[in-house]
Amino acid sequence: MTTISRSLAAIITLAATIAATAHENTSDPIRISTDRTDLIMHIDPNGRLYQAYLGPKLRHSEDIVRIPADQYAGCNGAVSFRDGEMYPSAATEDFFEPAFAITHNDGNTATYLYYIDSQSTSVDGGTHTRIVLRDKVYPVEVVLNYIAYPKENVIKTWSEISHKEKRPVRLSRYASAMLHFNRPEYYLTSFHGDWADEAHMDTQKLMFGKKIIDTNLGSRAAMFAHSFFNIGFDKEPQENSGDVLMGTLGWTGNFRLTFDVDNAGNLRILPGINPYASVYELKPEEVFVTPEFVFTLSENGTGEGSRNLHDWARRYSLKDGDQPRMTLLNNWENTYFSFDQEKLSGLMEEAEKLGVDMFLLDDGWFANKYPRNSDKAGLGDWEVNRSKLPGGIAALTEAAKKANVKFGIWIEPEMVNPESELFEKHPDWVIMQPNRDTYYYRNQLVLDLSNPAVQEHVFNVVDRILSENPEVAYFKWDCNSPITNVYSPYCKDRQGQMYIDHVRGLYRVLDRIKVKYPDVPMMLCSGGSGRADYEALKYFTEFWTSDNTDPIERLHIQWGYSHIFPAKAMAAHVTSWNKNTSVKFRTDVASMCKLGFDIGLDKMTGDEIEYCRQAVANWKRLQPAIMDGDMYRLISPEGNKHMAVNYVDKNRQSAVVFAYDIQPRIGDKLIPIRPKGLDPDRHYRVTEINLMPGTESKLAENGKTYTGDYLMKIGLNLLSRNHAHSTVVELEAL
Ligand code: DGJ
């Protein structure tokens, strides 16, 4: 930060402090509000803080004080107790999953938190409320934080835990927040999968007891499960109706989502870092800041919930959420590790032919003593491989300039191959068991990011590339291994810190990169999308949605992720996966997200190349709708018959409908596609786009004009019984 911006920040902080409103009367409820949601808490006569209400916004403030105090009482059976505390500790009279647990210096495990005070201040886009809670017996403090974003109907919450005991306390639970619900039934949709099989959605009814979704993978942490979910109240989550909660935790490491239904049928939700193997020794005065949990409540199903999150993400969270995205040509699927300067220069010319903005060089460009010619060696040695690329990165950026495209480059700086100079020099920088055989995942090991020296090394990988080659315009940052051989040489006898400090070390590096190079976009990749969360996405402009680019699989994967992330955050490339489908079909599927290519033009006919050029130009023109507009999921790909979505720009001036026939059966009924979000009173011209050269649209509606009302109620006949067939229609308001 410069001196001027520092003083500016100080003035802003001062102004915010002056504008802060304190909550003085403890008999008044605390109200966290968006335009459509209220979260209301009250301070009980016992001095502790309880949730009074979380639901659709209350119209009359007089109603707020009338909410009964025992909303969440666990009093159905013999045991009657007070439920609904905002941040209950272990070893109290709260008998279900606690939000946090501390072992104090004297070995006692109970903490009771009493309300001290709270303040609200205005922040970018919303209001930040800080609520201070403190124990009376032990010097332990928890600050609960809530930022309410009124327009987007999103609330972000996290906690800060600290103490003034003489020696470190042992923290064994540290949820980001706790939310309570008192409804007849709860249905949880979780998102899970595997490499090349991401974002599967499964819905189950929550019954008495705990359902836990978590990960112990450390890095590449979301390979099997994602840190987000939907809850349907009273029935399974529906797209356009019903009450739903959609939540997502920003943590790029081990997370845990706990859904605990108690004896009275109340549900408590606890998102947070996974305490697995992570009893954290918190020093006196050190503040343990939990990850942020972001949620939205919708009374109109998951469609509206997704649009809330998309708007919020683009405005306040995703890196460069308000900036356009670059289309690109990547070389991974085309060349793998086998390339040289000449080949890459040729591909840059291909990028120019396609009309994309950038050429992205993938894995294999580095290391000399142990050349990176496969995934077995070289990781860690970030010097250009002189035999493949004698002119270095400079020659590549030069060639890109000649081809009128920007140049981006792949790195995986958190990892090391044992066959590398880095490993030879710094074996102590690697997470590895000192006294056992080593297990390798993709022939590599994870660097110990809890170690500041390793953080410096990882920062320097990026810093060196960018300071020596300021023309480098983009990074693809990969992460292909979970943490294996779990032992941090840096944490030594405090191994409980490792998983958490490792992630914090990563954020420290990313922070420095963002400060020094704020304008360099980066793709978050993790062997596909083994990382996809909103904390990482503060540093990354998009994530690699999956290594699986079979367009049929992608329809499902992109559908899943679209629940939480806007299209702008999801990279999708046209490749040679599933050659049984046409280049048009593959491109139309990738066009629903941030469009790119990873295919040699030698694998396409002249018509296909021309088709792709047109599709790129169409996509660029339609960015206000696809990247920055509202998305409506119209037909789910479940069942593999059809899939359809539409995007509408914020002025409702232009829209695009993507309709896909996957594998419908001969007798299947074809229903008209009714786009949503249009202006009912305007007229829209219907134009089929993304047509192969020489083909004409067969749509009866093509070239005609309809009111938005007609289109939304009567619809367009875009579906067919063909297999792997797609139709893309642009709607332009006149
Ligand atoms: C895994 C990524 O998901 C791929 O796209 C590619 O970059 C490879 N790593 C390179 O090793």
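About the thresholds
Residues numbered from 1 in each chain as written. Predicted model: local features only at pLDDT ≥ 70, side-chain atom pairs only at ≥ 80, totals over all residues. Heavy atoms only, no water. pLDDT = per-residue confidence, 0-100. Contact = heavy atoms within 4.5 Å. Buried < 20%, exposed > 50% of the residue type's maximum accessible area, 1.4 Å probe, protein only. Helix = DSSP H or I, 4+ residues; strand = E, 2+ residues; numbered from the N terminus. Pairing = 2+ DSSP bridges. Domains from an automatic or database assignment. Axes fitted to C-alpha atoms, helices over the stretch in contact; angles between N-to-C directions.

A. Seen up close, the confidence of the model for the chain. Scored by pLDDT, the chain comes out at a mean of 95, with 96% of its residues at no less than 70. Contacts for the low-pLDDT stretch residues 1-18, under 50 throughout, to residues beyond four places or in other chains number 4 contacts.

B. Quick look at the pairing of strand β32 (residues 630-635). Extensive coverage of β32 is indicated by the burial of 5 of its 6 residues. Here β32 pairs with strand β33 (residues 642-648) via 5 bridges, running antiparallel. The partner of M631 across the bridge, within β33, is Y647. Hairpin connection, β32 to β33: the antiparallel pair is bridged by 6 residues, and G639 has positive phi, about 90°.

C. A look at the environment of N263. Along the chain, the position of N263 falls in the loop between β17 (255-261) and β18 (267-273). Remark: the alpha-carbon pair of N263 and F96, spanning 167 residues in sequence, is separated by 9.4 Å.

D. Quick look at the domain arrangement of the chain. Assigned domains of the chain: these are domain 1 (23-112 + 151-301), domain 2 (328-628) and domain 3 (631-733). Using only C-alpha atoms to locate each centre, domain 1 and domain 3 end up separated by 40 Å.

E. Structural view of the side chain of S278. For S278, the location among the structural elements is in the loop between β18 and β19 (280-282). According to the relative accessible area criterion, S278 is buried, its value standing at 1%. The residues touching S278, leaving out its near neighbours within four places in the chain, are L171, Y174, G496, Y499 and I500.

F. Local environment of unusual backbone geometry. Backbone geometry places D234, a non-glycine residue, at a positive phi of 75°. With respect to the helices and strands, D234 occurs in the loop between β15 (225-233) and β16 (244-250). D234 gets classed as partly exposed once you look at its relative accessible area, which sits at 33%. Positive phi is not limited to glycine here, since K492 has a value of about 45°. Residue position: K492 is located in the loop between β27 (472-477) and α9 (498-516). For K492, a relative accessible area of 54% corresponds to the exposed category.

G. Structural context of the sheet that holds strand β3 (residues 37-43). If you trace the 3 strands from one edge of the open sheet to the other, you get β2-β3-β4, paired in antiparallel fashion. Single-partner strands in this sheet number two, and they are β2 (30-33) and β4 (49-56). The mean angle between the axes of side-by-side strands here comes to 15°, regardless of whether they run parallel or antiparallel. Sheet topology places β2 next to β3; 4 bridges connect them, and they run antiparallel. Pairing of S33 across the sheet is with D38, part of β3.

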